[in-house]
Amino acid sequence: MKHALIKGIVEFIESDTRRPAKNWATAKVIEGPLMDGMNVVGDLFGAGKIFCRRWSKAPGGDETCSGVLQPYMGSRKSGKRAKTAGKVLLATAKGDVHDIGKNIVGIVLACNNYEIIDLGVMVPADKILKAAKEHNVDVIGISGLITPSLDEMVHVAREMQREKFTLPLLIGGATTSKAHTAVKIDPAYEQPVVYVLDASRAVGVVSNLLSKTQREDFVQSLKNEYVEVREAHRRKHGDKQLATIAAARDNSLKLNFSEKEITKPEFLGTKYLKIIHLRKFASASTGRRFSRLGK
(Lines give C-alpha, C1' and ligand atoms only; values in the text may rest on other atoms or scores of the structure.)
Protein backbone atom coordinates (compact mmCIF):
# COMPACT_ATOMS: atom_id res chain seq x y z
CA MET A 1 0.00 0.00 0.00
CA LYS A 2 2.75 2.44 0.95
CA HIS A 3 4.71 1.65 -2.23
CA ALA A 4 1.59 2.08 -4.37
CA LEU A 5 0.77 5.49 -2.90
CA ILE A 6 4.33 6.81 -3.23
CA LYS A 7 4.72 5.54 -6.80
CA GLY A 8 1.20 6.51 -7.88
CA ILE A 9 0.28 2.92 -8.79
CA VAL A 10 -3.44 2.42 -8.14
CA GLU A 11 -4.24 -0.74 -10.15
CA PHE A 12 -3.90 -3.21 -7.27
CA ILE A 13 -4.41 -0.95 -4.26
CA GLU A 14 -8.00 -2.07 -3.63
CA SER A 15 -7.10 -5.73 -3.23
CA ASP A 16 -3.96 -4.84 -1.29
CA THR A 17 -6.06 -2.79 1.12
CA ARG A 18 -8.88 -5.29 1.51
CA ARG A 19 -6.54 -8.11 2.54
CA PRO A 20 -5.08 -6.52 5.71
CA ALA A 21 -8.37 -4.78 6.55
CA LYS A 22 -10.00 -8.18 7.15
CA ASN A 23 -7.38 -9.23 9.67
CA TRP A 24 -6.09 -6.04 11.29
CA ALA A 25 -7.80 -3.31 13.28
CA THR A 26 -8.82 -0.66 10.75
CA ALA A 27 -6.89 2.02 12.65
CA LYS A 28 -3.71 -0.02 12.15
CA VAL A 29 -4.19 0.12 8.38
CA ILE A 30 -4.98 3.83 8.42
CA GLU A 31 -2.23 4.89 10.81
CA GLY A 32 0.28 2.48 9.32
CA PRO A 33 0.80 2.08 5.56
CA LEU A 34 -1.90 4.56 4.51
CA MET A 35 -0.56 7.51 6.51
CA ASP A 36 3.05 6.45 5.95
CA GLY A 37 2.56 6.55 2.20
CA MET A 38 0.71 9.88 2.16
CA ASN A 39 3.26 11.48 4.50
CA VAL A 40 6.08 10.52 2.13
CA VAL A 41 4.09 11.81 -0.85
CA GLY A 42 3.42 15.10 0.95
CA ASP A 43 7.09 15.52 1.88
CA LEU A 44 8.24 14.78 -1.67
CA PHE A 45 5.73 17.22 -3.13
CA GLY A 46 6.74 19.92 -0.65
CA ALA A 47 10.41 19.37 -1.54
CA GLY A 48 9.68 19.68 -5.26
CA LYS A 49 10.71 16.10 -5.99
CA ILE A 50 7.36 15.02 -7.43
CA PHE A 51 4.97 17.17 -9.40
CA CYS A 52 1.27 17.61 -9.99
CA ARG A 53 0.74 14.94 -12.63
CA ARG A 54 2.20 12.20 -10.44
CA TRP A 55 0.94 13.73 -7.19
CA SER A 56 -2.63 13.63 -8.45
CA LYS A 57 -2.49 9.83 -8.62
CA ALA A 58 -1.73 9.41 -4.93
CA PRO A 59 -4.99 10.91 -3.63
CA GLY A 60 -6.86 8.62 -6.01
CA GLY A 61 -5.17 5.68 -4.35
CA ASP A 62 -5.90 7.12 -0.93
CA GLU A 63 -9.60 7.50 -1.81
CA THR A 64 -9.66 3.88 -2.95
CA CYS A 65 -8.10 2.81 0.35
CA SER A 66 -10.60 4.81 2.41
CA GLY A 67 -13.50 3.41 0.39
CA VAL A 68 -12.38 -0.14 1.04
CA LEU A 69 -11.80 0.59 4.73
CA GLN A 70 -15.13 2.36 5.29
CA PRO A 71 -17.16 -0.81 6.06
CA TYR A 72 -14.51 -1.83 8.59
CA MET A 73 -14.48 1.49 10.46
CA GLY A 74 -17.20 0.48 12.88
CA SER A 75 -16.80 -1.53 16.02
CA ARG A 76 -16.06 -5.17 15.28
CA LYS A 77 -17.56 -6.26 18.58
CA SER A 78 -20.96 -4.61 18.23
CA GLY A 79 -21.15 -4.79 14.46
CA LYS A 80 -22.14 -1.11 14.45
CA ARG A 81 -20.23 1.88 13.18
CA ALA A 82 -18.50 3.96 15.78
CA LYS A 83 -19.96 7.29 16.80
CA THR A 84 -18.86 10.20 14.62
CA ALA A 85 -15.98 12.11 16.20
CA GLY A 86 -17.23 15.43 14.82
CA LYS A 87 -18.27 17.31 11.67
CA VAL A 88 -15.68 19.17 9.63
CA LEU A 89 -16.56 21.47 6.71
CA LEU A 90 -13.86 21.77 4.05
CA ALA A 91 -13.67 24.14 1.07
CA THR A 92 -11.17 25.64 -1.33
CA ALA A 93 -11.28 29.43 -1.13
CA LYS A 94 -13.07 31.53 -3.74
CA GLY A 95 -10.91 32.13 -6.81
CA ASP A 96 -8.94 28.89 -6.41
CA VAL A 97 -9.59 25.59 -8.17
CA HIS A 98 -6.89 23.49 -6.49
CA ASP A 99 -8.19 20.80 -4.15
CA ILE A 100 -5.60 18.04 -3.86
CA GLY A 101 -4.49 19.05 -0.37
CA LYS A 102 -8.07 19.58 0.79
CA ASN A 103 -9.09 16.18 -0.50
CA ILE A 104 -6.25 14.47 1.34
CA VAL A 105 -7.17 16.22 4.59
CA GLY A 106 -10.78 15.10 4.10
CA ILE A 107 -9.76 11.51 3.50
CA VAL A 108 -7.45 11.40 6.51
CA LEU A 109 -10.11 12.90 8.79
CA ALA A 110 -12.79 10.57 7.38
CA CYS A 111 -10.55 7.59 8.09
CA ASN A 112 -10.41 8.80 11.69
CA ASN A 113 -14.20 8.80 11.92
CA TYR A 114 -14.88 12.50 11.30
CA GLU A 115 -17.86 13.37 9.12
CA ILE A 116 -16.70 15.54 6.21
CA ILE A 117 -18.80 18.19 4.46
CA ASP A 118 -16.81 19.02 1.32
CA LEU A 119 -18.05 22.08 -0.59
CA GLY A 120 -15.50 21.71 -3.38
CA VAL A 121 -13.54 24.55 -5.00
CA MET A 122 -14.14 28.24 -5.72
CA VAL A 123 -16.38 28.56 -2.66
CA PRO A 124 -17.34 32.11 -1.55
CA ALA A 125 -17.47 33.06 2.10
CA ASP A 126 -21.26 33.35 2.28
CA LYS A 127 -21.70 29.79 0.99
CA ILE A 128 -19.18 28.47 3.53
CA LEU A 129 -20.90 30.15 6.44
CA LYS A 130 -24.36 29.13 5.28
CA ALA A 131 -23.33 25.49 4.92
CA ALA A 132 -21.65 25.54 8.34
CA LYS A 133 -24.94 26.60 9.92
CA GLU A 134 -27.05 24.15 7.93
CA HIS A 135 -24.87 21.14 8.77
CA ASN A 136 -24.11 22.27 12.32
CA VAL A 137 -20.40 21.55 11.87
CA ASP A 138 -17.76 21.64 14.58
CA VAL A 139 -14.83 22.96 12.53
CA ILE A 140 -14.37 24.91 9.27
CA GLY A 141 -11.30 24.30 7.09
CA ILE A 142 -10.24 26.58 4.20
CA SER A 143 -7.61 25.60 1.66
CA GLY A 144 -5.78 27.55 -1.04
CA LEU A 145 -2.86 27.08 -3.40
CA ILE A 146 -2.57 30.48 -5.10
CA THR A 147 -1.79 33.91 -3.65
CA PRO A 148 -5.28 35.46 -4.01
CA SER A 149 -6.52 32.72 -1.67
CA LEU A 150 -4.69 34.44 1.18
CA ASP A 151 -6.87 37.55 1.01
CA GLU A 152 -10.00 35.43 0.63
CA MET A 153 -9.12 33.54 3.83
CA VAL A 154 -8.88 36.83 5.69
CA HIS A 155 -12.29 37.76 4.29
CA VAL A 156 -13.78 34.46 5.50
CA ALA A 157 -12.37 35.08 8.99
CA ARG A 158 -13.85 38.60 9.07
CA GLU A 159 -17.22 37.30 7.95
CA MET A 160 -17.15 34.64 10.67
CA GLN A 161 -16.37 37.36 13.20
CA ARG A 162 -19.13 39.61 11.85
CA GLU A 163 -21.69 36.82 12.12
CA LYS A 164 -20.45 35.90 15.61
CA PHE A 165 -19.29 32.36 14.82
CA THR A 166 -17.62 30.39 17.58
CA LEU A 167 -16.19 27.58 15.42
CA PRO A 168 -12.45 26.98 15.01
CA LEU A 169 -11.04 27.90 11.59
CA LEU A 170 -8.37 25.72 9.96
CA ILE A 171 -6.05 27.26 7.37
CA GLY A 172 -4.01 25.19 4.91
CA GLY A 173 -2.49 25.15 1.46
CA ALA A 174 0.79 25.72 -0.34
CA THR A 175 0.74 29.53 -0.20
CA THR A 176 -0.35 29.73 3.43
CA SER A 177 2.07 29.97 6.34
CA LYS A 178 2.11 30.33 10.09
CA ALA A 179 3.29 33.94 9.70
CA HIS A 180 0.42 34.90 7.38
CA THR A 181 -2.09 33.16 9.64
CA ALA A 182 -0.75 34.91 12.74
CA VAL A 183 -0.38 38.37 11.20
CA LYS A 184 -3.40 38.56 8.87
CA ILE A 185 -6.04 35.96 9.73
CA ASP A 186 -5.88 35.41 13.48
CA PRO A 187 -6.43 39.11 14.36
CA ALA A 188 -9.58 39.14 12.20
CA TYR A 189 -11.32 36.38 14.18
CA GLU A 190 -11.57 35.99 17.95
CA GLN A 191 -12.02 32.22 17.90
CA PRO A 192 -9.15 29.73 17.29
CA VAL A 193 -7.46 30.03 13.89
CA VAL A 194 -5.06 27.15 13.27
CA TYR A 195 -2.48 26.88 10.52
CA VAL A 196 -2.25 23.20 9.53
CA LEU A 197 1.07 22.43 7.86
CA ASP A 198 0.00 19.17 6.19
CA ALA A 199 -2.68 16.49 6.19
CA SER A 200 -0.88 14.28 8.70
CA ARG A 201 -1.34 16.97 11.38
CA ALA A 202 -5.02 17.60 10.70
CA VAL A 203 -6.29 14.79 12.91
CA GLY A 204 -4.29 15.93 15.93
CA VAL A 205 -5.37 19.55 15.46
CA VAL A 206 -9.08 18.74 15.14
CA SER A 207 -8.88 16.29 18.03
CA ASN A 208 -7.37 18.95 20.30
CA LEU A 209 -9.91 21.57 19.24
CA LEU A 210 -12.86 19.30 19.98
CA SER A 211 -11.46 17.86 23.21
CA LYS A 212 -13.06 19.14 26.41
CA THR A 213 -9.85 18.56 28.36
CA GLN A 214 -7.17 19.58 25.83
CA ARG A 215 -8.81 22.46 23.93
CA GLU A 216 -8.08 25.24 26.42
CA ASP A 217 -4.36 24.49 26.73
CA PHE A 218 -4.03 23.92 22.97
CA VAL A 219 -5.71 27.22 22.08
CA GLN A 220 -3.75 29.20 24.67
CA SER A 221 -0.47 27.73 23.46
CA LEU A 222 -1.47 28.61 19.90
CA LYS A 223 -2.33 32.22 20.86
CA ASN A 224 1.00 32.61 22.65
CA GLU A 225 2.85 31.26 19.63
CA TYR A 226 1.03 33.67 17.31
CA VAL A 227 2.00 36.61 19.54
CA GLU A 228 5.66 35.61 19.15
CA VAL A 229 5.28 35.22 15.38
CA ARG A 230 3.65 38.65 15.06
CA GLU A 231 6.37 40.24 17.16
CA ALA A 232 9.08 38.63 15.03
CA HIS A 233 7.29 39.85 11.91
CA ARG A 234 7.05 43.38 13.34
CA ARG A 235 10.77 43.44 14.17
CA LYS A 236 11.63 42.29 10.66
CA HIS A 237 9.18 44.38 8.64
CA GLY A 238 7.43 46.91 10.87
CA ASP A 239 10.22 49.27 11.96
CA LYS A 240 11.46 50.33 8.52
CA GLN A 241 11.57 54.11 8.12
CA LEU A 242 10.59 55.10 4.61
CA ALA A 243 12.26 58.16 3.09
CA THR A 244 10.16 61.15 2.08
CA ILE A 245 9.56 61.79 -1.62
CA ALA A 246 11.80 64.86 -1.41
CA ALA A 247 14.65 62.84 0.11
CA ALA A 248 14.21 60.11 -2.52
CA ARG A 249 14.45 62.70 -5.31
CA ASP A 250 17.55 64.24 -3.73
CA ASN A 251 19.09 60.75 -3.74
CA SER A 252 18.41 60.18 -7.44
CA LEU A 253 21.16 59.54 -10.00
CA LYS A 254 23.07 62.70 -10.93
CA LEU A 255 24.53 62.87 -14.44
CA ASN A 256 26.90 65.63 -15.59
CA PHE A 257 27.63 65.32 -19.30
CA SER A 258 29.96 68.36 -19.29
CA GLU A 259 32.60 66.36 -17.42
CA LYS A 260 33.11 63.87 -20.24
CA GLU A 261 33.53 64.24 -23.99
CA ILE A 262 30.69 62.61 -25.88
CA THR A 263 31.36 61.28 -29.39
CA LYS A 264 29.19 62.90 -32.03
CA PRO A 265 27.18 60.34 -34.08
CA GLU A 266 27.71 60.08 -37.83
CA PHE A 267 24.13 61.13 -38.50
CA LEU A 268 20.92 62.04 -36.68
CA GLY A 269 17.47 60.74 -37.56
CA THR A 270 16.42 57.69 -39.57
CA LYS A 271 18.53 56.08 -42.28
CA TYR A 272 17.02 53.68 -44.81
CA LEU A 273 19.05 50.86 -46.39
CA LYS A 274 17.29 49.78 -49.57
CA ILE A 275 19.50 46.85 -50.56
CA ILE A 276 21.34 44.86 -47.95
CA HIS A 277 22.85 41.38 -48.00
CA LEU A 278 22.60 39.07 -44.99
CA ARG A 279 26.24 38.08 -45.51
CA LYS A 280 27.31 41.40 -44.09
CA PHE A 281 25.68 40.68 -40.78
CA ALA A 282 26.28 36.94 -40.43
CA SER A 283 29.29 34.87 -39.55
CA ALA A 284 31.02 32.86 -42.24
CA SER A 285 29.03 29.70 -41.48
CA THR A 286 25.74 31.54 -41.15
CA GLY A 287 26.48 33.41 -44.35
CA ARG A 288 26.63 30.14 -46.30
CA ARG A 289 23.37 29.04 -44.73
CA PHE A 290 21.62 32.22 -45.92
CA SER A 291 23.37 32.47 -49.30
CA ARG A 292 20.13 32.18 -51.23
CA LEU A 293 18.46 34.90 -49.20
CA GLY A 294 21.48 37.10 -49.70
CA LYS A 295 20.83 37.10 -53.42
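Residues numbered from 1 in each chain as written. Predicted model: local features only at pLDDT ≥ 70, side-chain atom pairs only at ≥ 80, totals over all residues. Heavy atoms only, no water.

A. Representation of the pairing of strand 3 (residues 139-143). Along strand 3, five of the five residues are buried, which leaves the element largely enclosed by surrounding structure. Neither face of strand 3 is open: one carries V139, G141 and S143, the other I140 and I142, and all of them are buried. In the sheet, strand 1 (residues 87-92) pairs with strand 3 via five bridges, with the strands oriented parallel. In the strand pairing of strand 3, A91 is matched with I142. Pairing geometry for strand 3 and strand 4 (residues 169-172), over four bridges, is parallel. Residue pairing for strand 4: I140 is matched across the bridge by L169. For the handedness criterion, the β-α-β arrangement of strand 3, helix 8 (residues 148-162) and strand 4 is classed as right-handed. (Buried < 20%, exposed > 50% of the residue type's maximum accessible area, 1.4 Å probe, protein only. Helix = DSSP H or I, 4+ residues; strand = E, 2+ residues; numbered from the N terminus. Pairing = 2+ DSSP bridges. Right-handed = clockwise from strand over helix to strand, strands pointing away.)

B. Seen up close, the pairing of strand 4. What you see with strand 4 is no split at all: L169 and I171 on one side and L170 and G172 on the other are buried throughout. As paired strands, strand 4 and strand 5 (residues 193-195) are joined by three bridges and run parallel to one another. Bridging from a neighbouring strand, I171 pairs with Y195 of strand 5. What joins strand 4 to strand 5 is helix 9 (residues 178-185), and the crossover it makes is right-handed.

C. Spotlight on the environment of Q191. On the secondary structure map, Q191 appears in the loop between helix 9 and strand 5. Considering only alpha carbons, one finds Q191 and K164, 27 residues apart in sequence, at a separation of 9.5 Å. In this structure, Q191 is in contact with F165, T166, L167, R215 and K223, ignoring residues within four places of it in sequence. (Contact = heavy atoms within 4.5 Å.)

D. Local environment of a nonpolar patch on the surface. Taken together, the side chains of L253, L255, F257 and I262 present a nonpolar region at the surface, about 510 Å² in accessible area. By secondary structure assignment, the location of I262 is in the loop between helix 12 (245-250) and helix 13 (284-289). Relative accessible area serves as the criterion here: at 55%, I262 is assigned to the exposed category. (Patch = residues over 30% accessible without salt bridge, like charges linked within 9 Å, V, L, I, M, F, W, Y side chains within 5 Å. Areas by Shrake-Rupley, 256 points an atom, 1.4 Å probe, with all protein chains shown as cover. Salt bridge = Lys/Arg side-chain N within 4 Å of Asp/Glu carboxyl O.)

E. Representation of the side chain of D186 within the structure. Looking at the secondary structure, you find D186 in the loop between helix 9 and strand 5. Residue D186 is classed as buried on the basis of its relative accessible area of 6%. Aside from chain neighbours lying at most four places away, what touches D186 is T181, V193, K223, Y226 and R230.

F. Structural view of the confidence of the model for the chain. Of all residues in the chain, 73% have pLDDT values of 70 or greater, and the mean over the chain is 79. Throughout residues 52-60 the model reports pLDDT below 50, and contacts reaching past four residues in sequence, or to other chains, amount to 19 contacts. Note that residues 74-80 has pLDDT below 50 and, in this model, ten contacts with residues that lie over four places away or in other chains. (pLDDT = per-residue confidence, 0-100.)

G. Focus on the nonpolar core. With 27 residues, the main nonpolar core has L89, I128, I140, I142 and L169 as its most contacted residues. Listing elements by their share of this core, those giving two or more residues are strand 1, helix 7 (125-135), strand 3, helix 8 and strand 4. Excluding its chain neighbours within four sequence positions, the residues that come into contact with L89 are I117, L119, I128, A131, A132, V137, V139, I140 and G141. Ranked by size, the runner-up nonpolar core spans 24 residues in total, among them V88, V194, A199 and A202. (Core = buried A, V, L, I, M, F, W, Y, C linked by side-chain atoms within 4.5 Å.)

H. Molecular detail of helix 7. Among the residues making up helix 7, those that are buried are A125, I128, L129, A131 and A132. Projected down its long axis, helix 7 shows its buried positions confined to an angular sector of 165°, all on one face. Residues D126, K130, K133 and E134 are exposed on helix 7 and point more than 90 degrees away from its buried face. Elements that come into contact with the buried residues of helix 7 comprise strand 1, strand 3 and helix 8. (Arc of directions from axis to C-beta.)

I. Quick look at the packing of helix 8 against helix 9. Put simply, helix 8 and helix 9 touch, their axes get as near as 10 Å, and they point 45° apart. Comparing the axis directions of helix 8 and helix 9 gives the class oblique. Seen from above, helix 8 lies across helix 9 with right-handed handedness. Listed contacts from helix 9 to L150, M153, V154 and A157 of helix 8 are H180, K184 and I185. (Axes fitted to C-alpha atoms, helices over the stretch in contact; angles between N-to-C directions. Parallel < 35°, antiparallel > 145°, perpendicular 65-115°, else oblique. Left-handed = near helix turned anticlockwise from the far one by under 90°.)

J. The packing of helix 7 against helix 8, seen in detail. Helix 8 packs onto helix 7 with a crossing angle of 45° between their chain directions and a minimal axis gap of 9 Å. By the angle between their axes, helix 7 is oblique relative to helix 8. As helix 7 packs across helix 8, the resulting crossing turns out to be right-handed. Judged by residue contacts, A125, I128 and L129 of helix 7 engage E152, H155, V156, E159 and M160 from helix 8. Along the lines of polarity and charge, the residues of the contact of helix 7 with helix 8 split into five nonpolar, one polar and two charged. (Nonpolar A, V, L, I, M, F, W, Y, C, P; charged D, E, K, R; others polar.)

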